[in-house]
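Listed below, chain by chain, are the residues.
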Protein chains: 2
Amino acid sequence: MKLNYHHLYYFWQVAKSGHLTRTAEALHVSQSSLSQQIRQLEERLGQALFIREGRQLHLSEAGRLAFDYAETIFTQGEELSALFAEGGHAHREVVRVGAVATLSRNFQEGFVRPLLGRDDLDLILQSGGMDDLLRRLSAHKLDVVLSNQPVRGDSEHPWRSQRLARQPVSLIASPHLSPPPSFPNGLSGHAFILPGVENATRHAFDQLCSHYRLTPKIAAEVDDMAMMRLLARDTQHIAVMPPVVVRDELHNGTLKDYGALPGVWEEFYAITIQRRFESPSLKALLTRSGESLLD
Amino acid sequence: MKLNYHHLYYFWQVAKSGHLTRTAEALHVSQSSLSQQIRQLEERLGQALFIREGRQLHLSEAGRLAFDYAETIFTQGEELSALFAEGGHAHREVVRVGAVATLSRNFQEGFVRPLLGRDDLDLILQSGGMDDLLRRLSAHKLDVVLSNQPVRGDSEHPWRSQRLARQPVSLIASPHLSPPPSFPNGLSGHAFILPGVENATRHAFDQLCSHYRLTPKIAAEVDDMAMMRLLARDTQHIAVMPPVVVRDELHNGTLKDYGALPGVWEEFYAITIQRRFESPSLKALLTRSGESLLD
DNA sequence: GCTATTCGTTCTGTTTTAAAGAACGATTTA
DNA sequence: TAAATCGTTCTTTAAAACAGAACGAATAGC
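Residues numbered from 1 in each chain as written. Chains lettered and ligands numbered in written order. Predicted model: local features only at pLDDT ≥ 70, side-chain atom pairs only at ≥ 80, totals over all residues.

A. Expanded view of the overall build of chain A. A count of helical and extended segments in chain A gives 10 helices and 10 strands. Seen through its principal axes, chain A has C-alpha atoms that stretch 90 × 45 × 30 Å. Relative to its full complement of 295 residues, chain A shows a buried share of 33%. (Helix = DSSP H or I, 4+ residues; strand = E, 2+ residues; numbered from the N terminus. Buried ≥ 20, exposed ≤ 12 C-beta atoms within 10 Å, placed from the backbone.)

B. Representation of the pairing of strand 5 (residues 144–147) of chain B in the model. Residue and element names in this part refer to chain B. Of the two faces of strand 5, the one holding Val-144 and Leu-146 and the one holding Val-145 and Ser-147 are both buried throughout. In this structure, strand 3 (residues 93–100) lies alongside strand 5, joined through 3 bridges in parallel fashion. Within the sheet, the bridge partner assigned to Val-97 lies in strand 5 and is Val-144. (Pairing = 2+ DSSP bridges.)

C. Expanded view of the protein's contact with DNA strand C. What surrounds DNA strand C is a group of 20 residues, the closest being Thr-21, Ser-32 and Ser-35 of chain A together with Ser-32 and Gly-54 of chain B. Residue assignment for the surface near DNA strand C shows that the elements contributing at least two residues are helix 2 (20–27) and helix 3 (31–45) of chain A together with helix 3 (31–45) of chain B. It is helix 3 of chain A that provides the largest number of residues to the surface near DNA strand C, a total of 5 residues. Taken together, the residues of the surface near DNA strand C break down into 3 nonpolar, 13 polar and 4 charged. (Near = placed C-beta within 6 Å. Nonpolar A, V, L, I, M, F, W, Y, C, P; charged D, E, K, R; others polar.)

D. Spotlight on the interface of chain A and chain B. Taken residue by residue, the interface counts 40 residues in chain A and 40 residues in chain B. Only helix 1 (5–17), strand 2 (56–59) and helix 4 (61–86) of chain A provide two or more residues apiece to the side of chain A that touches chain B. Of the residues assigned to the side of chain A that touches chain B, the class counts are 17 nonpolar, 13 polar and 10 charged. (Contact = placed C-beta atoms within 7 Å.)

E. Here's a closer look at the domain arrangement of chain A. Split into domains, chain A comes out as domain 1 (5–86), domain 2 (93–165 + 269–293) and domain 3 (167–265). Using only C-alpha atoms to locate each centre, domain 1 of chain A and domain 2 of chain A end up separated by 38 Å. (Domains from an automatic or database assignment.)

F. Local environment of the environment of Thr-215 of chain A. In this fold, Thr-215 of chain A is placed in the loop between helix 7 (200–211) and strand 8 (217–222). With 7 C-beta atoms counted inside 10 Å, the residue Thr-215 of chain A sits in the exposed group.

G. Spatial organisation of the sheet that holds strand 9 (residues 238–241) of chain A. Residues and elements named next belong to chain A. Strand order in this open sheet of 8 strands is 4-3-5-10-6-9-7-8, and the pairing throughout is mixed. Of all strands in the sheet, those bounded by a partner on one side alone are strand 4 (121–128) and strand 8. Neighbour-to-neighbour, the strand axes of the sheet open up by a mean angle of 25°, direction not taken into account. As paired strands, strand 6 (residues 159–173) and strand 9 are joined by 3 bridges and run antiparallel to one another. Among the inter-strand pairings, Ile-172 is bridged to a residue of strand 9, identified as Ala-239. Relative to strand 3 (residues 93–100), helix 10 (residues 280–287) is tilted by about 40°, and along the sheet it contacts strand 3, strand 4, strand 5 (144–147), strand 6 and strand 10 (256–273). (Axes fitted to C-alpha atoms, helices over the stretch in contact; angles between N-to-C directions.)

H. Representation of the protein's contact with DNA strand D in the model. By nearness alone, 21 residues border DNA strand D, and Ser-32 and Gly-54 of chain A together with Thr-21, Ser-32 and Ser-35 of chain B come closest of all. Going through the elements one at a time, helix 1 and helix 3 of chain A together with helix 2 (20–27) and helix 3 of chain B are the ones with two or more residues in the surface near DNA strand D. Here the element with the most residues in the surface near DNA strand D is helix 3 of chain B; it accounts for 5 residues. For the surface near DNA strand D, the class distribution of residues is 3 nonpolar, 14 polar and 4 charged.

I. Representation of unusual backbone geometry within the structure. All names here are of chain B. You will see that His-28, though not glycine, has its phi angle at about 60°, which is positive. Mapping His-28 onto the fold places it in the loop between helix 2 and helix 3. Phi at His-140 takes a positive value of approximately 60°, unusual for a residue other than glycine. Tracing the sequence through the fold places His-140 in the loop between helix 6 (130–138) and strand 5.

J. Here's a closer look at the packing of helix 1 of chain A against helix 3 of chain A. All names here are of chain A. Contact geometry of helix 1 with helix 3 gives a least axis separation of 9 Å together with a crossing angle of 115°. Comparing their axes, helix 3 and helix 1 come out roughly perpendicular. Of the two elements, helix 1 crosses helix 3, and the hand of that crossing is left-handed. Between helix 1 and helix 3, the contacting residues are His-7, Leu-8, Tyr-10, Phe-11 and Val-14 on the first element and Leu-34, Gln-37, Ile-38, Gln-40 and Leu-41 on the second. (Parallel < 35°, antiparallel > 145°, perpendicular 65-115°, else oblique. Left-handed = near helix turned anticlockwise from the far one by under 90°.)

K. Examining the environment of Val-144 of chain B more closely. All names here are of chain B. With respect to the helices, strands and loops of the structure, Val-144 is situated in strand 5. Taking C-alpha positions, Val-144 is 10.0 Å from Trp-159, a pair spaced 15 residues apart along the chain. Not counting chain neighbours up to four residues away, the residues in contact with Val-144 comprise Val-97, Ala-270, Ile-271, Thr-272 and Leu-282.

L. Representation of helix 5 (residues 105–116) of chain B in the model. All names here are of chain B. Where helix 5 is concerned, the buried positions are Phe-107, Gly-110 and Phe-111. What you see down the axis of helix 5 is that its buried residues fit within an arc of 90°, all on one side. Projecting away from the buried face of helix 5 at angles above 90 degrees are the exposed residues Arg-113 and Leu-116. Residues of helix 5 that are buried make contact with strand 5, strand 10 (256–273) and helix 10 (280–287). (Arc of directions from axis to C-beta.)

What follows is the structure, encoded as structure tokens:
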């Protein structure tokens, strides 16, 4: 029942070159041995991988399929070998964090901060789209993905979404706005800068508006929090965003917080793959209280 | 020197469960055998994969690393096994085509058309961004990527870009434009709808403009050809695009072709990985004359 | 058209490797 | 303190991978 990886390896080598004898020489085994083991693989799989035409070998359709899998399997294996071969030295601990590119940089930095001071550890921080990051997570190229929305896992992708923190969402705008906006009344005449429709915060905001029968004028939809910060600063529109993003501007009076929206939160999630042996450093990160991540 | 995949498999299984004895029972081997082979793997790699604390096994940092690789290796292997196990039947030929999402649909369809009639073959057609598609190509999840620009390969990613076709690029706009635009003079007063700056056609257009010392007014930059078609139809601006994209509109008089731009071409490339055994159907596609792809 | 060569397969015996079993040591539980 | 659990080590046995020779078919050279 089980796949023999040594047989598959021989098959892969022969399929790469197309010649059995040459491959046998390169691998320092006899061609008879090679021939037999490939035959055993074919018998186990129940299908011919090569089509024998005269004294030539051609890949069958099944062979092409197997070859594609073999390619990823053994390139991974060679990468692993190389990793151990180069460094006889002990491997340093590595934590690889992916973050959705539109996520608050403050939050990202707060999350990894405990690791920054440690010189016994390598930190890898990558940004990207959600799809891309989740793919890397599944391929074990990342240990954790930071996102502003949870992900539902399934049997094929056993993701686990853990809420790390939440913060209130306010109406943020120039301090000189008149009349000063207030929620839910006192919004007429103002236009909004909102998160994009895929954002969970935006969804909560829309629900809130629909509850109060408000149809706010939308000046811009922005995915990136850093971008929203710029727009809030440089326009006269009202941004719907967590105050912490513009902490500096609020402090020096460039912007003003016109009050938090009830029941609307910007949430932060850590998405991991459930596994028996987590990296101890990562585990420590995930079990910390969420409060300290946002200051 | 070479990695023993059976040893790695045992290691993977033990690392997954965390228990040697239980894993031995599950695999129907003795714990002594399991223990020895993992030890052999450690000796070959030159580092301990487990840290033995009392009678417990914990993954070392090197072990975590190896485990990540093992995970991808053996999930791939199991997928391969399952594929052959389910179907005792012969595998049908599969051609998997990726196309940059902004590419002309006409062209995509023209490319795969010879495969559409065949019922001895499965066609898989996926759209996506260039990065994503190239990653899938490298992982052998795609056989070919269609793009409007070539890609330079390197030793790590031995991509091969082959030009399939080229078509002229014209000034396309409403037939009622006055004064009627013409190149290179007679453009003043008109605004342009152009491909995005990453597009090779756009680059050629900019070069042409700089040669004639023109600084055209830009109304919009659009990546997607289908989108550009809509804008050309619904505005009074001049679109820079291949006439074939709006063939229907040109025919029924909704739009007018104000002439091709000299030396500017929209080009189409097929990007593949060089390999010994190409799928015969794909090979046939790639060696066809490019002309027929565009009508 | 004949012969020599190449290349993959099959069959035989030999060597290497994986496996099982018993003894051991260390740690946890009762 | 005894019993049970769990991983390691040592020795023997079973299974596999392997090499070599014989074979057959297809190509290449003359």
